[in-house]
Amino acid sequence: MIYFYHHFLDLCCGSGDLAFLLSERVGSDGKVIGFDFSRKQLSVASLRQHLLSKACYKNIEWIEGDAIELPFSDCSFDAITMGYGLRNVFDRCKAMQEMFRVLKPGSLSRMTLFCSCESVEIRDLVKLVLLFDKVCLLFL
């Protein structure tokens, strides 16, 4: 299914692991935006991009910013990923609203959380996620 999507946003991308995988999937015709608030993490991702030097990695752009104020137009992305990043976002509801604002109609979003499902914070997060019907959470 993921092969039909060409314009990805990897939120809270850190050092770029998911962005690199996504760029391999979309190939040279696609575009991947790695987005993170940490300039240091983006520097690591950029360095990895140049060291690994695969042709498909040329389609990745690294952008520094805040997940609660995405600098993209409405309906800009076919898909959004967020690997473990939601736990680090101060205003999770606003971040999710922003995610769905920039997703194209019929698009998808995937998040991964690494935590105990029994924590109160996670139960509250799951309730929040259920408000947004495009999200699939993977608990590890």
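To keep things clear, this report deals only with the structure shown in the data block.

**Remarks on the overall build of the protein chain**
The helix and strand tally for the protein chain stands at 4 helices and 6 strands. In the protein chain, the order of α-helices and β-strands from amino to carboxyl end is β-α-β-α-β-β-α-β-α-β. For the protein chain, contacts bridging at least 24 residues in sequence account for 76% of all contacts bridging at least 6. Counting only carbon and sulfur atoms, one obtains 57% of the accessible surface of the protein chain, whose full area is about 7,800 Å².

**Some thoughts on the side chain of Ser76**
For Ser76, the location among the structural elements is in the loop between β3 (60-64) and β4 (77-83). Those residues in contact with Ser76 that sit more than four places away from it in its chain are His7, Val102 and Lys104.

**Considering helix α1 (residues 17-26)**
Structurally, the α-helix is built with 3.6 residues per turn, so residues lying three or four positions apart point the same way. Every buried residue of α1 is listed here: Ala19, Phe20, Leu22, Ser23 and Val26. End-on view of α1: buried residues confined to an arc of 165 degrees, all on one side of the axis. Buried residues along α1 sit against β1 (7-11), β2 (31-36), α2 (39-52), β3 and β4. Directly beyond the C-terminal end of α1, a positive phi value near 65 degrees is found at Gly27.

**Here we look at the nonpolar core**
Most often, soluble globular proteins keep nonpolar side chains buried together rather than apart. Formed by 21 residues in total, the largest nonpolar core has its most connected members in Leu9, Leu11, Phe72 and Ile80. Going through the elements one at a time, β1, β2, β4 and α3 (92-102) are the ones with two or more residues in this core. Core analysis: the second largest hydrophobic core is formed by 14 residues, Phe20, Val26, Val32 and Tyr57 among them.

**What to know about the environment of Val102**
Inspection of the secondary structure assignment puts Val102 in helix α3. Separated by 22 residues in the primary sequence, Val102 and Ile80 have C-alpha atoms spaced 9.0 Å apart. In this structure, Val102 is in contact with Leu9, Leu70, Phe72, Ser73, Asp74, Cys75, Ser76, Phe77 and Ile80, ignoring residues within four places of it in sequence.

**Points about the pairing of β4**
Of all 7 residues that make up β4, 7 are buried, and the element is covered over most of its length. As paired strands, β1 and β4 are joined by 4 bridges and run parallel to one another. Counterpart to Asp10 in the pairing with β4 is Thr81.

**Remarks on the side chain of Asp36**
Along the chain, Asp36 falls in strand β2. Although Asp36 is buried, it makes no salt bridge; Arg39 carries the closest opposite charge, 10 Å away. Among the polar contacts made by the side chain of Asp36, one reaches the main-chain amide nitrogen of Cys13 at a distance of 3.2 Å. Separated by 2.8 Å, the side chain of Asp36 and the backbone nitrogen of Ser38 make a polar contact.

Thresholds applied
- Residue positions within a chain follow its written sequence, with the count starting from 1.
- Two thresholds apply to this predicted model, a pLDDT of at least 70 for residue-level local features and 80 or more for giving and counting side-chain atom pairs, whereas whole-chain, interface and lining totals are computed over all residues.
- As a convention, hydrogens and water are excluded, and side-chain values are obtained from all of the structure's heavy atoms.
- Secondary structure elements follow DSSP: runs of H or I no shorter than four residues count as helices, runs of E no shorter than two count as strands, and numbering proceeds from the N terminus.
- Here, residues are in contact when the closest pair of their heavy atoms is within 4.5 Å.
- Using the Shrake-Rupley algorithm and a 1.4 Å probe, accessible areas are obtained, with residue cover drawn only from the displayed protein chains.
- Each residue is placed in one exposure class: buried if its accessible area under a 1.4 Å probe, protein chains only, is under 20% of its type's maximum, exposed if it is over 50%, and partly exposed if it falls in between.
- Comment: arc refers to directions from the helix axis out to C-beta atoms.
- What makes a nonpolar core is a set of buried Ala, Val, Leu, Ile, Met, Phe, Trp, Tyr and Cys residues whose side-chain atoms join them at distances within 4.5 Å.
- Strands qualify as paired when DSSP identifies two bridges or more between them.
- In this count, Lys and Arg are taken as positive residues and Asp and Glu as negative ones, while His and the chain termini are left out.
- Any carboxyl oxygen of Asp or Glu that lies within 4 Å of a side-chain nitrogen of Lys or Arg is treated as forming a salt bridge with it.
- Each polar contact in these results corresponds to two N or O atoms within 3.5 Å; when the atoms are within protein, one needs to be able to donate a hydrogen and the other to accept it, and residues that are neighboring in sequence are counted only if both atoms are side-chain atoms.

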